[in-house]
Amino acid sequence: MLTSNLSEVYTARRLYYASDGIMAHVMKLVRYGTYLTLNKNQEKLDLNILAAAFEKFVQADKPEKNNPFLTDKFEIQPLHSATLDLEVGGTNKRLKSKYKDLRASQILRNS
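What counts as what
Within each chain, residue numbers correspond to sequence positions counted from 1 in written order. Totals for whole chains, interfaces and linings use every residue, but because this is a predicted model, local features are given only for residues with pLDDT of at least 70 and side-chain atom pairs only at 80 or more, for both listing and counting. Values shown for side chains rest on all heavy atoms present in the structure; no hydrogens or waters enter the calculation. To qualify as a helix, a DSSP run of H or I must reach at least 4 residues; to qualify as a strand, a run of E must reach at least 2; elements of each kind are numbered from the N terminus. Exposure is judged per residue with a 1.4 Å probe applied to protein chains only, and the accessible area is read against the type maximum: over 50% gives exposed, under 20% gives buried, and values in between give partly exposed. In what follows, residue pairs with any heavy atoms lying within 4.5 Å of each other are defined as contacts. Working definition of accessibility: Shrake-Rupley area with a 1.4 Å probe, residue cover restricted to the visible protein chains. In protein, a polar contact requires one atom able to donate a hydrogen and another able to accept it; more generally it is a pair of N or O atoms within 3.5 Å, and residues adjacent in sequence count only if both atoms are side-chain atoms. Angles here are taken between N-to-C directions and fall from 0 to 180 degrees, while the axes themselves are lines fitted to C-alpha atoms, restricted in helices to the stretch in contact. Reported orientations rely on four angle classes, namely roughly parallel under 35 degrees, roughly antiparallel over 145, roughly perpendicular from 65 to 115, and oblique for the rest. Crossing handedness is read from the near helix: turned anticlockwise from the far helix by less than a right angle, it gives a left-handed crossing, and turned clockwise, a right-handed one. Throughout this entry, Asp, Glu, Lys and Arg are counted as charged residues, while Ala, Val, Leu, Ile, Met, Phe, Trp, Tyr, Cys and Pro are counted as nonpolar. The remaining residues, Gly among them, count as polar.

1. Thoughts on the overall build of the protein
Assigned secondary structure in the protein consists of 4 helices and 0 strands. Ordered by position in the sequence, the α and β elements of the protein form the string α-α-α-α. Burial status across the protein gives 22% buried among its 111 residues. Relative to all contacts within the protein whose residues are 6 or more apart in sequence, the contacts with residues 24 or more apart total 47%. Split by element, the accessible area of the protein, about 9500 Å² in all, is 53% carbon and sulfur.

2. Re helix α3 (residues 47-57)
For α3, the set of buried residues is Ile49, Leu50, Ala51, Ala53 and Phe54. Its buried side turned inward, α3 meets α1 (9-19) and α2 (23-39). In this structure Asp46 caps α3, since a side-chain oxygen of it lies 3.2 Å from the backbone nitrogen of Asn48.

3. Focus: the environment of Glu43
For Glu43, the position within the fold is in the loop between α2 and α3. What makes Glu43 exposed here is its relative accessible area of 66%. Remark: the alpha-carbon pair of Glu43 and Thr3, spanning 40 residues in sequence, is separated by 8.1 Å.

4. Considerations on the packing of α1 against α2
Relative to each other, α1 and α2 sit at 115°, their axes nearing to 8 Å. The angle between the axes of α1 and α2 places the two elements in the roughly perpendicular class. Judged by the sense of rotation from one axis to the other, the crossing of α1 with α2 is right-handed. Two secondary-structure elements touch here, α1 through Leu15, Ala18 and Ser19 and α2 through His25, Val26 and Leu29. Split by residue class, the contact of α1 with α2 holds 4 nonpolar, 2 polar and no charged.

Structure follows, in structure tokens:
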């Protein structure tokens, strides 16, 4: 039995680039790729089929994006961004309940 190797690092990186890391976009590529695979009576989803799915679903919206499934030497370039100093602690006040210590009967009487 042939496998599609979707979980292999080289395929996962291509899917990540193609989908911008959005799972719904990954699913579109895989579903359409599966549809094409079945229609062509192939046994596995391969890079050529994923390239066709990319052209239909991604390049239509983002023509500047290269098709990662057409090359054997695809690599994602690491981003060199400044490190962020994040403060740990405070929370958003909108997430806190206004009536934290009140009982339901007290809230109903005040409204």
